[in-house]
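Chain by chain, the residues run as shown.
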Amino acid sequence: MEWASQLCENRGLGSKMTDSKYFTTTKKGEIFELKAELNSDKKEKKKEAVKKVIASMTVGKDVSALFPDVVNCMQTDNLELKKLVYLYLMNYAKSQPDMAIMAVNTFVKDCEDLNPLIRALAVRTMGCIRVDKITEYLCEPLRKCLKDEDPYVRKTAAVCVAKLHDINAQLVEDQGFLDTLKDLISDSNPMVVANAVAALSEIAESHPNSNLLDLNPQTINKLLTALNECTEWGQIFILDCLASYLPRDDRESQSICERVTPRLSHANSAVVLSAVKVLMKFMEMLPKDLDYYGTLLKKLAPPLVTLLSAEPELQYVALRNINLIVQKRPEILKHEMKVFFVKYNDPIYVKLEKLDIMIRLASQANIAQVLAELKEYATEVDVDFVRKAVRAIGRCAIKVEQSAERCVSTLLDLIQTKVNYVVQEAIVVIKDIFRKYPNKYESVIATLCENLDSLDEPEARAAMIWIVGEYAERIDNADELLESFLEGFHDESTQVQLQLLTAIVKLFLKKPTETQELVQQVLSLATQDSDNPDLRDRGYIYWRLLSTDPVAAKEVVLAEKPLISEETDLIEPTLLEELICHIGTLASVYHKPPSAFVEGSRGVQHKRLPPRAGSGESTESPDVGQSGPSEAPPAVIPSQGDLLGDLLNLDLAPPTATVPSVQPSMQMGAMDLLGGGLDSLMGDESDTPGGRTEVQSPQPYSDYSERELGGDIGGSPSMGAGLGAAPAAMPASLGSAPAVGGGLGDLFDLGGGVGMPTGSYVAPKTVWLLAMKAKGLEISGTFARRGGIIQMDLSLTNKAMSVMTDFAIQFNRNSFGLAPAGPLQVLTPLSPNQTIDVSLPLSTSGPVMKMEPLNNLQVAVKNNIDVFYFSCQYPLSLLFVEDGKMDRQVFLATWKDIPNDNEAQFQIKDIHLNSDVASNKLQGSNIFTIAKRTVEGQDMLYQSVKLTNGIWVLAEMRIQTGNPNYTLSIKCRAPEVCPFVYQCYELVLKN
């Protein structure tokens, strides 16, 4: 509590020893006694009474009844008493706004006091009183304090502007305080400069487009001068501000780096990390052949190494940041491998992080040293650490090819220890080594098969099954091994079931005569007896492939697999660039952008590194990129108060098996995908009522493009036999559709039959709800519009130890009335470590309430454990309807009719498409081109979009040949949708 900490500041050491007495009295009638003492003529008695009031307030007692009496005590020359009264005032002003106005005159008077401490105290308290009625009275005193002769008062006033802006932004702008703040950047006192920068940065965060910190070389020079004389926190504010500047060229970048480098030797680790952030950012602009570039790389290593000698918590933060730095520039720490070797007394979280960095730095030069360490770690007692060490050996084999043989040998030694969890981890990583180096280390398979009975973890069992299926022709008893897994098929996790299905199909394709019965059994288990849609779908795909064209099946299932990449857990490059810009903050510890965990509008500025030296990229673009649906939507959990009223009627019953009603065309497509014509697929054509319908299908695989995939069902006699009979208990809904010509083209809807239109861009899934915030339930998802139906595609992952059931979902009121069109279809319990994908159809007939931002969606998900809340943002293109093509004449009239004030202009950068390709891409997302004309080499496209709520959006897009930047003008009667429509344009054209 702010007042509690300040209360401690107000005491001398002598009084500290006796202050505990104020917290011990709990007698009745105390308020009346205090009232009398507060009105006493004796100053000492009055001060004692105020101390008792503050003590009561600190422990949570309501002493608001004494407000007028305490406020009367403000008229005093005693600084200690004044501080105590101001503390009381800060706490209770909000609940007693009318009474607080009584104190305004005293504030005004104190702001002109001869003592600068009192002037600063008054202005600081003014900033902490968050009452709208009072703020306008405080403008004049604040203006005087911003220009006060004493720097202590000025620096306090600078922070007060940021606080006042949070309460009433318009008032601060109207009073010109922002301009005064900008002037303070040129102040002679470095602490005033630092606080002015901190205040402007705080305001700029909540108003990303305001360009308050208008940084130029002159301002940067002033900040760098102040940097040398500031306190450590002042230095952090200035360094963070410098990090948001984009230098004009490499010379300016080098100049800034030279002046920031001395901060690397600072004793405060936060200053060091902020300096590293600035240097990492500006290094992007330095040519790699520059001497200074090499010098800078050498200077960055020692401070990072020094951070690892701090206490474990600081070490962990440093290691998480180093992890990012090593991914971006491994050359900085390539000679420092030894500092990342694990010490026996390191906490587990430090050990695991060091291990991660060791792998990233592993190279041919140091691999022998690294492997010796890892083998030692694999014999430790900490199970988690041992598991990660074994995995690390496998990662070394994949990363450094020359070490692969030595790594495999080390893994075999570890398998011989017969320690269960070591064996299981070793098998998982050997599977990856087989994928990286096929036909090289298969001699170890016999050793692996010896340990088959000891495998009890899903990942290890799945890895072993994959190995048996992949190398079935080399294992004599492969069918017996796989059959042993099949006995408890329904008790296995989904991961194992899917792997077992694929492995048996591979075995059948390699040894058809011996395993016919086995493949029939697994296909029956997967399609008839399983409730898991993923398993069922894969079973049907294999069944259709095998019965339609076994040769094609062989080419698909036994196709040569791509080699796995060296580093599978690297952070995606654009996210890595953003995280480098957030070094030294929570984002760099979580390895997530701020938008993933910061609530509300703040912290969602997406930053990126400046263009690399010599890349030819434009340096005019600001450092902060446009945030839009293409970036990760925030996984913010709103306060329960926002949603509670709407969620009281949340359906808490278990989910029903009814399928949400969708358009007939969609139902047909789904029926066909899962089993339309399954009777014919399984060889019984004659019983099908409608005979056989041939679907002309494009040949999707060049390997057999000459062959008609929907040909004779039998295939080769040895392989097709035994697959003719349909499953005994086929669900009615799947058996009723007319038969369709089988084959891959039909199955994946590549033919001209029923199906979902393609062309609309669907963003990749991002995490919306973190497991740590939802008792182990992690939800990731995305949105799509398919065949006119809006769908929310969700992945539900159970990272807890218990099974999750009874899922339900509800949306809060939102800008476009999005609501679930049916229940959340999670028909099977979600087991630990299992992921279920589910698609939820949405309607736009729900209750409407304008959200901030407009495309924000607040969601509640319930299961048998609790109700969880999160927010996500959907691309507005979800709401673009299929009948959005406007008549030309209507377009012209509407364009003229919409006021010019409603027109917004945007730049879409780095698009290398001609106008026809761009028009076709946009049409896939229901952005229709009405007309096109070419004027002096510039194509002008006139386009219309219609939203689900009837709002029309008109656009003009100008494309100049040879210029990668498009100009987009958007007109709409609801201008607030324009920025979101622009984001959709950018998203579609760039993906």
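My aim in this report is to walk through the structure given alongside it, one point at a time. (Residues numbered from 1 in each chain as written. Predicted model: local features only at pLDDT ≥ 70, side-chain atom pairs only at ≥ 80, totals over all residues. Heavy atoms only, no water.)

1. Looking at the overall build of the chain
The cut-off we apply is this: Per the convention used, a helix needs a DSSP run of H or I reaching at least four residues, while a strand needs a run of E reaching at least two, with both numbered from the N terminus. Relative accessibility thresholds used throughout: buried, under 20% of the residue-type maximum; exposed, over 50%; partly exposed, between the two (1.4 Å probe, protein chains only). Any two residues whose heavy atoms approach within 4.5 Å are treated as being in contact.
Secondary structure assignment for the chain yields 44 helices and 17 strands. Across the 991 residues of the chain, 52% fall into the buried class. When contacts within the chain are restricted to residue pairs at least 6 apart in sequence, those whose partners lie at least 24 apart make up 69%.

2. Concerning the side chain of glutamate 353
Structurally, glutamate 353 is set in helix H22 (residues 348-361). Residue glutamate 353 is classed as buried on the basis of its relative accessible area of 7%. Excluding residues that lie within four positions of it along the chain, glutamate 353 makes contacts with Tyr316, Leu319, Arg320 and Asn323.

3. Some points on the nonpolar core
Spelled out, the test is: The criterion is simple. A nonpolar core is a set of buried Ala, Val, Leu, Ile, Met, Phe, Trp, Tyr and Cys residues joined through side-chain atoms within 4.5 Å.
Tyr88, Leu142, Leu374 and Phe434 are the most contacted members of the largest nonpolar core, which has 212 residues in total. Residues within four places of leucine 142 in sequence aside, it is in contact with Val123, Met126, Ala157, Cys160, Val161, Leu164 and Phe177. Core analysis: the second largest hydrophobic core is formed by 63 residues, Leu777, Ile809, Val861 and Ile970 among them.

4. What about the sheet that holds strand S16 (residues 952-960)?
Definition in use: Strand pairing requires that DSSP identify at least two bridges connecting the strands. Whenever a helix is involved, its axis is fitted only over the stretch in contact; in every case the axis is a line through C-alpha atoms, and angles between N-to-C directions fall within 0 to 180 degrees.
Here 5 strands make up an open sheet; going across it, the order is S13-S17-S16-S15-S14 and the pairing antiparallel. Each end of this open sheet is capped by a strand with a single partner; those strands are strand S13 (903-908) and strand S14 (928-935). The average angle at which neighbouring strand axes cross in this sheet is 20 degrees, direction not considered. Contacting S13, strand S15 (938-946), S16 and strand S17 (966-972), helix H44 (residues 978-990) runs over the sheet at an angle of about 25 degrees to S13.

5. Some words on a negative patch on the surface
Threshold: Patch definition: residues above 30% relative accessible area lacking any salt bridge, with like charges linked at up to 9 Å and the nonpolar side chains Val, Leu, Ile, Met, Phe, Trp and Tyr linked at up to 5 Å. Only the protein chains shown count as covering a residue, and every accessible area follows the Shrake-Rupley method with a 1.4 Å probe. Salt bridges are identified by distance alone: a Lys or Arg side-chain nitrogen within 4 Å of an Asp or Glu carboxyl oxygen. Residues scored as charged are limited to Lys and Arg (positive) and Asp and Glu (negative), so that His and the chain ends carry no count. We put the charge of a Lys on NZ, of an Arg on CZ, of an Asp on CG and of a Glu on CD.
A surface patch of like charges, here negative, comprises Glu480, Glu483, Glu487 and Glu517. With respect to the helices and strands, the residue glutamate 517 is situated in helix H31 (residues 516-527).

6. Focus on H22
The condition that has to hold: Every helix has an expected span of 1.5 Å times one less than the residues it contains.
Its 14 residues place the ends of H22 20 Å apart at the C-alpha level, agreeing with the 20 Å of an ideal helix rising 1.5 Å per residue. Buried residues dominate H22, accounting for 11 of its 14 residues.

7. Re the packing of aromatic side chains
Put simply, the rule is: A pair of aromatic rings is counted whenever rings of Phe, Tyr or Trp (Trp by its six-membered ring) have centres within 6.5 Å, and the orientation is called stacked for planes under 30 degrees apart, edge-to-face for over 60 and tilted otherwise. As a reminder, the over-ring test applies to NZ of lysine and CZ of arginine, requiring each to be within 6 Å of the ring centre and within 35 degrees of the ring normal.
Applying the stated criterion across every chain, the model contains 12 aromatic pairs. On the basis of an interplanar angle of 70 degrees and a centroid distance of 6.0 Å, the ring pair of phenylalanine 783 and tyrosine 874 is categorised as edge-to-face. Here tyrosine 874 lies in the loop between strand S12 (867-873) and helix H42 (888-897) and phenylalanine 783 lies in strand S6 (residues 777-786), a separation of 91 residues in the sequence. Residue classification places phenylalanine 783 among the buried residues on the basis of a relative accessible area of 4%. Here tyrosine 874 falls in the buried class, since its relative accessible area comes to 0%. On the numbers, 4.5 Å between centres and 5 degrees between planes, the contact of phenylalanine 906 with tyrosine 982 is stacked. With phenylalanine 906 in strand S13 and tyrosine 982 in helix H44, this pair connects stretches of sequence that are 76 residues apart. Site record: aromatic cluster; members linked through ring pairs are Trp768, Phe783, Phe870 and Tyr874. Above the ring of phenylalanine 385, the side-chain terminus of lysine 351 is found at 5.3 Å from the ring centroid. The residue whose ring lies beneath lysine 440 is tyrosine 437, and the NZ or CZ to ring-centre distance is 5.5 Å.

8. As for the packing of helix H11 (residues 139-146) against helix H14 (residues 177-184)
Test applied: In this scheme, roughly parallel covers angles under 35 degrees and roughly antiparallel covers those over 145, while 65 to 115 is roughly perpendicular and the rest are oblique. For any helix crossing, the convention is left-handed if the near helix is rotated counterclockwise from the far helix by under a right angle, and right-handed if that rotation is clockwise. The classification used treats Ala, Val, Leu, Ile, Met, Phe, Trp, Tyr, Cys and Pro as nonpolar, Asp, Glu, Lys and Arg as charged, and all other residues, Gly among them, as polar.
Two elements in contact, H11 and H14, have axes whose closest approach is 11 Å; the angle formed by their N-to-C orientations is 15 degrees. With respect to each other, H11 and H14 are oriented roughly parallel. Relative to H14, H11 is oriented so that their crossing is left-handed. Of the residues in H14, those touching H11 at Cys139, Leu142, Arg143 and Leu146 are Phe177, Thr180 and Leu184. For the contact of H11 with H14, the class distribution of residues is 5 nonpolar, 1 polar and 1 charged.

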